[in-house]
Structure formats: structure tokens, C-alpha cells
2 protein chains.
Amino acid sequence: MYTIERHSEILNILEEKKSISVEKLSKMLYVSAPTIRRDLSLLESQGRVMRTHGGVVLKQAAEKEIPLMLREDQNSDSKKIIAKKATEFVRDGDVIFLDASSTVAHIVPYLKNFKDIIVVTNSPLISMKLGEEGIRNYCTGGLLLIHSVAYVGSEAERFVSTINADVLFFSSRGYEENGNITDSSVEEASIRKAMMKNSEKAYYLCDDSKKNKKYMYNICSFKDVTKIVTETE
Amino acid sequence: MYTIERHSEILNILEEKKSISVEKLSKMLYVSAPTIRRDLSLLESQGRVMRTHGGVVLKQAAEKEIPLMLREDQNSDSKKIIAKKATEFVRDGDVIFLDASSTVAHIVPYLKNFKDIIVVTNSPLISMKLGEEGIRNYCTGGLLLIHSVAYVGSEAERFVSTINADVLFFSSRGYEENGNITDSSVEEASIRKAMMKNSEKAYYLCDDSKKNKKYMYNICSFKDVTKIVTETE
DNA sequence: GCAAACTTTCGTATAATTTCGTAATTAGTG
DNA sequence: CACTAATTACGAAATTATACGAAAGTTTGC
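Residues numbered from 1 in each chain as written. Chains lettered and ligands numbered in written order. Predicted model: local features only at pLDDT ≥ 70, side-chain atom pairs only at ≥ 80, totals over all residues. Heavy atoms only, no water.

Caption draft 1: Highlighting the pairing of strand 11 (residues 180-183) of chain B. Residues and elements named next belong to chain B. Note that strand 10 (residues 174-175) and strand 11 share two bridges and pair antiparallel. By the bridge assignment for strand 11, Y175 is matched with I181. The loop that links strand 10 with its antiparallel partner strand 11 comprises four residues; one of these, G179, has a positive phi angle of about 105 degrees. In the sheet, strand 11 pairs with strand 13 (residues 217-221) via four bridges, with the strands oriented antiparallel. Within strand 13, the residue paired with I181 across the bridge is C220. (Pairing = 2+ DSSP bridges. Helix = DSSP H or I, 4+ residues; strand = E, 2+ residues; numbered from the N terminus.)

Okay, here's the thing in C-alpha cells:
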């Protein structure tokens, strides 16, 4: 067995056992302990395992730093429910628009069950999460709107206007009983309109916390939306 | 048997055995070990196999290459030094291109000392880091190249071509003594060329680990670069 | 055509590097 | 403090990189 084969073998073993001692690895792989330690140092420097006195533990993908935005996410549970419901409207082969909201971000994990989908989003965060799940995706690019981690502006909208999507999932800051869907930034309202214009269907994802909140900019009205997805009925 | 026939024969053998020694290949194909090694270097630079001391292993598609974004990056200290040195070439008010390399990513924290700069990058990761530092930035958008967390393709290049930048900071997988700067993916090489074309100045950031590594795709040559920034002189 | 100059390919020889075990020293743990 | 584990140092064996030259194939100019 070659060195790099041994490295992936160590990872395989860890995948199964989560942690193991240097001594056991040494016996299992028929090499001396110093060799195992060298291997582990390397794997540690690559950030794949964590060494401890006497052994190693697998570094879980859990402790990644990215979801900073999503961590401080409120109503995360309802959003998850809504996201799952939304996947009902996805078909294999669809071209999907996702806006840059945290609600919509929760759809990502569910999308990997579909084949040959292409996703277009204006959120770098969602784009990267899609990438992690192995989902082919395009990002619009444009000016980064910092507080909402979204690309906006003419560049972003131009990109959107070149795509013909099957479905759009979007959210917003608030909606009113009368059907007005509103947001607090022009730029974001604008790009959502652009997405809506170029998508066959548009699903509005909203949790109850958004009810009866009115912000400065109008996105659209309930009647412009194919369906509204909520946690309740 | 011609050279390229030998190459595909090596791949065939590997397909079946997954890994094999240089010595065995040498005997099976009736050529000397150095010849096999040359073949393997080539196949490796094409990303089809992984060399290891004593032999080669097939690069499984499944070979879970930890995405850049989760990988703790190596040579982080030298990269930090290089990044700091690079900031010497930034002026207030500059429009700056940053490519999607981890070396270049280390520049971000130093950029917040400059006023009125605008940064354009094809990396969602760098874009978000810039955002966190409060630096005004645009991302190119385009197709997400997963393993390097970079946007590439015609959309990304089109965006770049609309920008006139003052400086570009870029890196690559490898460079040779003779001045060739190369990378392992066409797409990434291509977008770097596009950035170079539209920037007044271009600084190549390279740490010693990249020395004398040759990959399949040419980006440019030392003479096309304004200055090379290294950890040493 | 044809020969000279050039390029590509490959083997040989040698220098440099990698890998890995042993042994000695240092550090960590209960 | 005793015991185990980790680090460091070092040497041996194997592998690889490099330099160089020979042979075969290509290109160029006449």
C-alpha cells in the first residue's frame, strides 16, 4: 500500500469509527507508530482530522465557518418546514432561481435529490452551499449588498434577464393581508422583480413572522405569484 | 507503441487495478522507469492520476477532495507575508482585481486600510470576506467551479471585460524557472488572462511551494507581469 | 529530393529526495 | 512519580529528479 492510499484508508477508518488510537492504526496498516503520526500530522494540517493525545478524531464537516449568516438565523425551524414543502414544486431538469433570503437558503439541502437541475442565485452564500452539495449553479455577480449578502444592481439584473427559469423561490421582509409583498431595499426588490419576470412560476416562501409588515419597496402582489408556501396551510 | 497509446494503456491498467508501481508499469510496457515517470507527471498534471512515492493511484471521481472553502489552507504563514507585501502596490481609489486563489484571499484584511477602493473578484468567498471588512466589491458571477470556489465561463469573463482595473493580484498552481505560469484548469487560466488584459498592472503572488510545477494550461509568462511578489526576495 | 538543423522521445547515470523504522529525548496524563 | 505517547534526530533503503546523449522523426532551405 502506498502512502497516499494509507492516508485515504485512515480517513475511511475514521469515517466509520469517528476516532481511533495511533497504536491501532499502526497495527491495522502494518506500519510503525511514527509513520502513522506523520500521516496524522499531514491530515491535520489539511484540516481533515484533529489529533489528540493517543489518537485522532475525524473533523466533522459540522464545524465549518461559513453559515455565519444562517447560524444567527431566527425561526430556522419554520423555514426548514417551508423549504421542504417548496421542493414539491421542483422537477428534474428544472432551471431554478433562488433569491438571497435565508428562508430560501434552507431549500438547498433538499435540492440534491433532483437530477440535472441548474440553479441561478444572487447570493454567494447560497451558491457556495449549492456547490458543497454538488449542485450545478450560477451566481449572478454584481455589487455585494453587505447586510443581506446579495448581489444586486444592473449587472445582477442583466444576468437574470438572460436566463429563462422554470421556477423561482423567493421571500421578503414582509407582506400585508391585502397581498402586498414588500422589502426594505430597492435593489433587492428590483432583482426579485427581474427574476419573477423571467421565470415560468414563482413561489413565495413566507413564515408567519412576516405577516402584516410593511416596508418601503413593493416587490409584487399575491396575485402575481404562482403559489404561496407557508408553514401552516 | 506510441507515447499517447502508452498513456491510455496506463489509464486502462489503473482502471482495473486502482494503483500500481512505476516498476511494474515499466516492465509491462517495455519502457524505462524514467519514461513511465514522465508519463505519470503528465497524467497527473491533467488531473487524471495521483502520483505517490513508488507508484500511482487512479484519481477517483469520488476522491472526496475537500472543497477549498473547508480546507485549512497550507503555507498560510508565507501567504500572509506575501499578501502583506503586495499591499505596497495598492493606492487609495484603486480598482482592484482579485482572482480566486487562497493566496490572494490573504490580502483582504489589509485592504481595509485603503480609502475608496473598489474590488472585483471571481471568488464568492473573497467577495464575502471583503463584505465583512466593509469593502465595496463586485463579484463576476458565472458558473461555480466547485473545487476551487471560483466563478468561471463566458459570463464571468464578460463581466471582467467590462471593468478597467488599476491592479490585479493573482496566483496559480505552479510556475517554472523559465517564467511560465500555469494552472490545471482551462477555465481558471482563461479568466486570469481576461483579468490581466483589463488591468494596468498585474502582480503575481507566489510562494515557494509553487516553484517548478507545471500544469496543463498556460496563463502567461513572467514578462507579462508587472512584478512578482514572493516571500523571499 | 535531400541534407542540415531542429525537435521529440527515451534510456543511462548520478544527485537529491522521500519514506520509514529505530532509538533517544521530551511532553502529557492520571 | 510512573507510565504512556509524542517529538526529534538520524540513518538506510528505495524512489525520483536531473542532466545528458543517442536515436528517431520533422522541418527547412536549397
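Caption draft 2: Structural detail: the sheet that holds strand 10 (residues 174-175) of chain A. Residue and element names in this part refer to chain A. Strand order in the open sheet formed by three strands is 10-11-13, with antiparallel pairing between adjacent strands. In this open sheet, the two strands that pair with only one neighbour each are strand 10 and strand 13 (217-221). Its contacts with the sheet put helix 10 (residues 186-197) on strand 11 (180-183) and strand 13, and the angle it makes with strand 13 is roughly 25 degrees. (Contact = heavy atoms within 4.5 Å. Axes fitted to C-alpha atoms, helices over the stretch in contact; angles between N-to-C directions.)

Caption draft 3: Here's a closer look at the protein's contact with DNA strand C. Neighbouring residues of DNA strand C: 16 residues in total, closest S32 and T35 of chain A together with R6, S32 and T35 of chain B. Side-chain polar atom of T3 of chain B to a phosphate oxygen of DNA strand C: 3.4 Å apart, as the coordinates give it. Those elements that provide at least two residues to the surface near DNA strand C are helix 1 (3-17) and helix 3 (33-45) of chain A together with helix 1 (3-17) and helix 3 (33-45) of chain B. Residue classes in the surface near DNA strand C are distributed as four nonpolar, eight polar and four charged. (Near = heavy atom within 4 Å. Polar contact = N/O pair within 3.5 Å; in protein donor to acceptor, adjacent residues only side chain to side chain. Nonpolar A, V, L, I, M, F, W, Y, C, P; charged D, E, K, R; others polar.)

Caption draft 4: Representation of the protein's contact with DNA strand D in the model. Around DNA strand D there are 14 residues in total, and R37, R51 and G54 of chain A together with R37 and G54 of chain B lie nearest to it. Within 4 Å of the protein, the contacting atoms of DNA strand D are drawn from sugar and phosphate to the extent of 88%. Interatomic distance of 3.4 Å between a backbone N/O atom of T52 of chain B and a phosphate oxygen of DNA strand D. Contact distances for DNA strand D include 2.6 Å between a phosphate oxygen and a backbone N or O atom of G54 of chain B. When residues of the surface near DNA strand D are traced back to their parent elements, those giving at least two are strand 2 (49-52) of chain A together with strand 2 (49-52) of chain B. A per-class count over the surface near DNA strand D returns two nonpolar, eight polar and four charged.

Purely geometric numbers; function is a separate question.
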